[in-house]
Amino acid sequence: MRRLIFIIFFFYTTNSLAEKLNLPDISENPIFAYENSNAKVNIIAFVGGGGIKKGVGKSQNPLAREREAFKNAGINYYIFPNPKKNKKIEISYRKSKDHVEKIKKLIDYLRLKNNLPIILVGHSRGSVSVAAATNSLGLKNIKGSVIMGSITETSSAVSSSFTMKTMFKNKPDVPIFVIHHEKDSCVVTSYVGAKRLADKHNFNLLKISGGGTSGDVCGPLHYHGFEGKMAEVIQSIKEWSEKL
């Protein structure tokens, strides 16, 4: 009986606290919405790696695992899903016209819903989604963009076209906030590259120190994924975005 109660409680806490926005023009998957009645901004979050293929309950990506923390900080928080059910999002798709158009559709939907400023936040490969939308949609649609643990280097799986240096070759009209751990050890997300980008365009830069390293260096439970440091990250995003 106690096990049954736990299972019901776990299902409730990981799913029912989110409003599921079913918008088929955007995705076959629901958009998980965590809304706060005192919010001053809407954040649209882009998870890295293969993205969100179905639900958010098991994902350890910082933008998924800390979804309730974003809401509790006084933010309306929306996790952007993959376009197809049970299929990962390819990094090449993150730069596509179709992806940007679907991001624009969610922005338009949220404007009708509450008309609060729109902030895009992307972690790791999610930074590619944010950069593509920022460059295409501009300040008319986006109040500010945040890139966390962003793609700064190349590898056999990541070409130079996906690095922030290339994608932000020219400074966008949208304010950019760069958040990076000083000891990020993932081969394609160096702190040196993030600082170089911020210095070039005079982007706001937050250097994170400390935290946990319980997982893989390129995974969500390490410096790259801001393990143990997301409270600081969330508060910094909130303060920065509300001042724009």
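*Asks:* I'd like to hear about the packing of helix 4 (residues 97–113) against helix 5 (residues 126–137), residue by residue, with values.
*Replies:* Any two packed helices are characterised by the angle at which their axes cross and by the distance between the axes. It is the contact of helix 4 with helix 5, at a shortest axis distance of 10 Å, that shows an interaxial angle of 75 degrees. When the axis of helix 4 is compared with that of helix 5, the two are roughly perpendicular. On the side of helix 4, the interface is formed by His99, Val100, Ile103, Lys104 and Ile107, while helix 5 contributes Ser129, Ala132, Ala133, Ser136 and Leu137. Of the residues contributing to the contact of helix 4 with helix 5, the split by class is six nonpolar, three polar and one charged.

*Asks:* Lay out the confidence of the model for the chain with the relevant residues and their values.
*Replies:* Confidence in the prediction for the chain averages 92 pLDDT; 93% of positions are at 70 or higher. Counting interchain partners and residues more than four positions distant, the pLDDT-below-50 stretch residues 1–16 has five contacts.

*Asks:* Lay out the sheet that holds strand 4 (residues 76–79) in plain terms, naming residues and giving numbers.
*Replies:* In spatial order, the strands read 1-2-4-3-5-6-7-8; together these eight strands make up an open sheet with mixed pairing. The sheet terminates laterally at strand 1 (19–21) and strand 8 (204–208), the two strands that pair on one side only. Direction aside, neighbouring strands of the sheet carry axes that sit 20 degrees apart on average. In the sheet, strand 7 (residues 176–181) pairs with strand 8 via five bridges, with the strands oriented parallel. Within strand 8, the position partnered with histidine 181 by the bridge is isoleucine 208. Running at roughly 160 degrees to strand 6 (residues 144–148), helix 8 (residues 230–243) makes contact with strand 3 (42–46), strand 5 (118–123), strand 6, strand 7 and strand 8 of the sheet.

*Asks:* Give me the lowdown on the packing of aromatic side chains, citing residues and values where you can.
*Replies:* Tallied over the full model, the rule gives four aromatic pairs. With 4.2 Å between their ring centres and 5 degrees between their planes, phenylalanine 70 and tyrosine 77 make a pair best called stacked. On the basis of relative accessible area, phenylalanine 70 is assigned to the buried category, the value being 0%. With a centroid separation of 5.8 Å and 80 degrees between ring planes, the pair formed by phenylalanine 168 and phenylalanine 203 is classed as edge-to-face. Of this pair, phenylalanine 168 sits in the loop between helix 6 (164–167) and strand 7 while phenylalanine 203 is found in the loop between helix 7 (191–201) and strand 8, placing the two residues 35 residues apart along the sequence. Each member of the pair, phenylalanine 168 as well as phenylalanine 203, carries the same accessibility label: buried. Looking at lysine 95, its charged tip hangs above the ring of phenylalanine 162, at a distance of 5.5 Å from the centre.

*Asks:* Describe helix 4, with residues and values.
*Replies:* Over its 17 residues, helix 4 extends 24 Å from the first C-alpha to the last, a length consistent with the 24 Å expected when each residue adds 1.5 Å. What helix 4 keeps buried is the set His99, Val100, Lys102, Ile103, Leu106, Ile107 and Leu110. For helix 4, the angular spread of the buried residues around the axis is 160 degrees, confining them to a single face. Seen from the open side of helix 4, the exposed residues pointing more than 90 degrees away from its buried face are Lys97 and Leu112. In this structure, the buried side of helix 4 is in contact with strand 2 (31–34), strand 3, strand 4, strand 5 and helix 5. Following helix 4 by one or two positions, asparagine 115 has its phi on the positive side, about 60 degrees.

*Asks:* Which residues make up the side chain of arginine 94, and what values do they have?
*Replies:* With respect to the helices and strands, the residue arginine 94 is situated in the loop between strand 4 and helix 4. Although arginine 94 is buried, it makes no salt bridge; glutamate 90 carries the closest opposite charge, 8.7 Å away. At a separation of 3.3 Å, a polar atom in the side chain of arginine 94 contacts the main-chain carbonyl oxygen of glycine 49. Discounting chain neighbours no more than four positions away, the residues touching arginine 94 are Val47, Gly48, Gly49, Gly51, Ile89, His99, Arg125, Gly126, Val128, Ser129 and Ala132.

*Asks:* Could you give me a rundown of the side chain of aspartate 184, with the residues and numbers involved?
*Replies:* Looking at the element boundaries, aspartate 184 is found in the loop between strand 7 and helix 7. Summary of buried charges: aspartate 184 has no salt-bridge partner, and the nearest side chain of opposite charge, arginine 65, is 12 Å away. A polar contact is formed between the side chain of aspartate 184 and the side chain of histidine 180, at a distance of 3.5 Å. Side-chain polar atoms of aspartate 184 contact the side chain of threonine 189, separated by 2.9 Å. With residues up to four places along the chain from it excluded, the contact list for aspartate 184 reads Gly149, Thr189, Tyr223 and His224.

About the thresholds
- Residues numbered from 1 in each chain as written.
- Predicted model: local features only at pLDDT ≥ 70, side-chain atom pairs only at ≥ 80, totals over all residues.
- Heavy atoms only, no water.
- Axes fitted to C-alpha atoms, helices over the stretch in contact; angles between N-to-C directions.
- Helix = DSSP H or I, 4+ residues; strand = E, 2+ residues; numbered from the N terminus.
- Parallel < 35°, antiparallel > 145°, perpendicular 65-115°, else oblique.
- Contact = heavy atoms within 4.5 Å.
- Nonpolar A, V, L, I, M, F, W, Y, C, P; charged D, E, K, R; others polar.
- pLDDT = per-residue confidence, 0-100.
- Pairing = 2+ DSSP bridges.
- Phe/Tyr/Trp six-rings, centres within 6.5 Å; stacked < 30°, edge-to-face > 60°.
- Buried < 20%, exposed > 50% of the residue type's maximum accessible area, 1.4 Å probe, protein only.
- Lys NZ or Arg CZ within 6 Å of the ring centre and 35° of its normal.
- Expected span 1.5 Å × (residues − 1).
- Arc of directions from axis to C-beta.
- Lys, Arg positive; Asp, Glu negative; His and termini not counted.
- Salt bridge = Lys/Arg side-chain N within 4 Å of Asp/Glu carboxyl O.
- Polar contact = N/O pair within 3.5 Å; in protein donor to acceptor, adjacent residues only side chain to side chain.

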